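# What the coordinates show
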Amino acid sequence: MNTHKALLAALLVPLGATLAIAPAASAATSPAPPAASVPAGAAAAAAFGSPEAALGRVAHPLRTTEPRGGLADLRPFGRMVGDARVVGLGEATHSSHEFFTLRHRVLRYLVENKGFRAFALEAPWSTGLRLDAYLTHGTGDLKQIMDEEFQGTYRWWNNAEYRALLQWIRAYNVKHPKDPVRFVGDDGGFAGAELYDKVGAYAAKDRPELAPKLTELYRGLRPATDAETYVNDYLAKPLAERKKLAERTGRAVDLLKKRPGTGADADAHAWALQHATAIHQMTTLYAFDWDDPQDISAGMRYRDRIMAENVTWWQQRTGDKILLAAHNGHLTLKTYAPGTYPKAQGEFLREQLGDGYLSVGLTFDHGSFNAFGQDGAVHRFTAGPAAPGTTEHTLDRVRYRDYVVDLRNAPATARTWLAAPHTVKNIGATYPGIADAPQIRLAASHDVVIHLHRVQAARMLK
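In this report, the structure presented in the accompanying data block is examined. As the structure is a prediction and not an experimental result, all values here were calculated from the model.

Cut-offs applied
Residues numbered from 1 in each chain as written. Predicted model: local features only at pLDDT ≥ 70, side-chain atom pairs only at ≥ 80, totals over all residues. Heavy atoms only, no water. Helix = DSSP H or I, 4+ residues; strand = E, 2+ residues; numbered from the N terminus. 1 Å grid on protein atoms, 1.4 Å probe; cavity = no way out; pocket = protein on both sides within 12 Å on 5 of 7 lines; lining within 4 Å. Points joined across faces, edges and corners; volume = space filled by probe spheres on them. Phe/Tyr/Trp six-rings, centres within 6.5 Å; stacked < 30°, edge-to-face > 60°. Lys NZ or Arg CZ within 6 Å of the ring centre and 35° of its normal. Buried < 20%, exposed > 50% of the residue type's maximum accessible area, 1.4 Å probe, protein only. Arc of directions from axis to C-beta. Polar contact = N/O pair within 3.5 Å; in protein donor to acceptor, adjacent residues only side chain to side chain. Contact = heavy atoms within 4.5 Å. Axes fitted to C-alpha atoms, helices over the stretch in contact; angles between N-to-C directions. Parallel < 35°, antiparallel > 145°, perpendicular 65-115°, else oblique. Nonpolar A, V, L, I, M, F, W, Y, C, P; charged D, E, K, R; others polar. Salt bridge = Lys/Arg side-chain N within 4 Å of Asp/Glu carboxyl O. Pairing = 2+ DSSP bridges.

Put simply, Gly384 and Pro385 share a cis peptide bond, and its omega is -5°. Note that Pro385 resides in the loop between strand S7 (378–383) and helix H17 (391–395). For the peptide bond that leads from Tyr431 to Pro432, omega is -10°, which places it in the cis range. As for its placement among the helices and strands, Pro432 is situated in the loop between strand S9 (421–423) and strand S10 (439–441).

Listed below in structure tokens is the structure:
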């Protein structure tokens, strides 16, 4: 495997698991340090009109990051959400307990108090369909679905915290069968067999003249192995062959577009076309030349664009308000790493939805997380405490241990700091990563920030 395919294996399955751009010097395998109180210096700093003191005046403390119990402390967050139709709630690592449990807690609040009815995850569209069928109708076994769908570095989602979130959604839907919470997979790293089956079933029923053509165009593409094996085998194909396969799936999309549904058939046609589009997204993603640095950058841009398009399609087709889960680097309003990620999912969503999209970044001072090590195996690492001058060092000196703050309404004393570049922890699937910590302008990157003093590694199930 050459350099760029090694990069692909480490970073991009699921493609773009976000650069592990934390300083290598902070990597360690020792246990996380014990929880500490908020630094005493925060109180003294208040006398000097510091950014942390200013942020402390508008920050709202969180009672807990755990999903159980009352949600009254999230009411200020609900006001920040306002009329947003999509809320992107990020993470600074791919596998820390508190990032997942806080998502669960926020989802509860948004469902029960703000009318949200969908949870979207950085996972394949076909994975979303399987989980949605389980959550809405009880189809299949949750453990089996998670084991089969969360492979490669999608494996980070096969954890006890997300299992509890999905079990909560299922319990909610049993009680509210006519107003369920749905599940959306917005990514293009894999196209499961159900997509081919659904497109084929639609054609056989409503467009029989297209069925033989679609069968031929999809010949040899429907997965017959597990997801990780399929992706590895697919990427082993010569680039010219992958480009031809993408051309074929594009022709399938065009066939469906040329014969749009009407009347009662319109909805079935729209879904079939979206499923065919998801197949084409995967083949197009893998038709980039992952040995060419410029094509890697173009591929990453394409990937974030289709993730945004899939979320927007679901929101506009169903009317569901969506809580969107992904890494901070995807949900940001301005890319963290322009050399590799020219444009992030959050930037596309802001263009598509305007103020209907809210970007919420999650930061932490110190703690532990799971990630691939340089040997390719999964390890538990620790990071922090944050060094002076970094984003997290200032955020951790705000008066509260864990809190949420609306950057759009920050006091003038904090605005200069928020507008200036500062390094930030942005730990991806592999740790240490391939670049130093990025410098970002927090106010340009996110509308809202939730800062946690300490995190611990998530409990992986497989």
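The space that makes up the second largest pocket amounts to roughly 200 Å³. Lining of the second largest pocket is provided by Leu129, Asp132, Ala133, Thr136, His137, Arg182, Lys198, Trp271, His275 and Trp314. When residues of the lining of the second largest pocket are traced back to their parent elements, those giving at least two are helix H6 (125–137) and helix H13 (265–285).

Our next topic: the packing of aromatic side chains. In total, this model carries 21 aromatic pairs according to the counting rule given. With a centroid separation of 5.8 Å and an interplanar angle of 45°, the aromatic rings of Phe288 and Tyr302 are classed as tilted. In this pair, Phe288 sits in the loop between H13 and helix H14 (293–318) while Tyr302 sits in helix H14, placing the two residues 14 residues apart along the sequence. One Lys or Arg, Lys425, reaches over the ring of Phe364 and ends 5.3 Å from the middle of that ring.

Once that is clear, we can look at helix H11 (residues 227–235). Every buried residue of H11 is accounted for by Ala227, Tyr230, Val231, Tyr234 and Leu235. Angularly, the buried residues of H11 cover 125° about the axis, an arc narrow enough to put them on a single face. At the N-terminal boundary of H11, the capping side chain belongs to Asp226, with an oxygen 3.2 Å from the backbone nitrogen of Glu228.

Attention now goes to the environment of Gly361. Inspection of the secondary structure assignment puts Gly361 in strand S6 (residues 357–372). Note: C-alpha distance between Gly361 and Asp447 (86 residues apart in sequence) is 7.9 Å. If we skip the residues at most four places from it in the chain, Gly361 touches Asn328, His446, Val448, Val449 and Ile450.

Turning to the packing of H6 against helix H8 (residues 160–175), a few remarks are in order. Two elements in contact, H6 and H8, have axes separated by 7 Å at closest approach and are oriented at 45°. By the angle class used here, H6 and H8 are oblique. Every residue of H8 that contacts H6 at Leu131, Tyr134, Leu135, Thr136 and His137 is listed here: Leu166, Ile169, Arg170 and Asn173. Grouping the constituent residues of the contact of H6 with H8 by class yields five nonpolar, three polar and one charged.

Counted by the stated rule, this structure contains 23 salt bridges. Between Glu52 and Arg397 there is a salt bridge, with its nearest N and O atoms 3.2 Å apart. With Glu52 in helix H3 (residues 51–58) and Arg397 in the loop between H17 and strand S8 (403–406), the pair connects residues that are 345 residues apart, well separated along the chain. We classify Glu52 as buried; its relative accessible area is 9%. Of the charged contacts, one joins Asp197 and Arg222 as a salt bridge, the two residues approaching to 2.9 Å between their closest N and O atoms. With Asp197 in helix H9 (residues 193–206) and Arg222 in the loop between helix H10 (211–217) and H11, this pair connects stretches of sequence that are 25 residues apart. Looking at Arg222, the relative accessible area reads 44%, which means it is partly exposed. Here the residues in one salt-bridge network are Glu122, Asp187 and Arg303, joined through shared partners.

Counting buried positions over the six residues of strand S4 (residues 182–187) gives five, a clear majority of the element. In the sheet, strand S3 (residues 116–124) pairs with S4 via five bridges, with the strands oriented parallel. From the neighbouring strand, Pro124 faces S4, where its bridge partner is Asp187.

Note that Leu407 resides in the loop between S8 and helix H18 (412–419). When neighbours within four sequence positions are excluded, Leu407 is seen to be in contact with Leu418, Leu442, Ala443, His446, Asp447, Val448 and Val449.

To continue, consider empty space enclosed by the protein. The final tally for this structure, using the stated rule, is three cavities of 30 Å³ or more. Put simply, the largest cavity is a space of about 70 Å³. Around the largest cavity sit 10 residues that line it, and Gln151, Tyr154, Ala227, Glu228 and Val231 are the ones nearest its centre. A per-element tally of the lining of the largest cavity places H11 first, with three residues. Taken together, the residues of the lining of the largest cavity sort by class into five nonpolar, three polar and two charged.

Note on strand geometry: in a regular strand, side chains alternate between the two faces of the sheet. Going residue by residue along S8, you find Tyr403 and Val405 tucked away on one face and Val404 and Asp406 tucked away on the opposite face as well. In terms of strand pairing, strand S1 (residues 60–61) meets S8 through two bridges, oriented antiparallel. By the bridge assignment, Pro61 is partnered in S8 with Tyr403. Bridge analysis of S8 against strand S11 (residues 448–455) gives four bridges, and the strand direction is antiparallel. The partner of Val405 across the bridge, within S11, is Val449.

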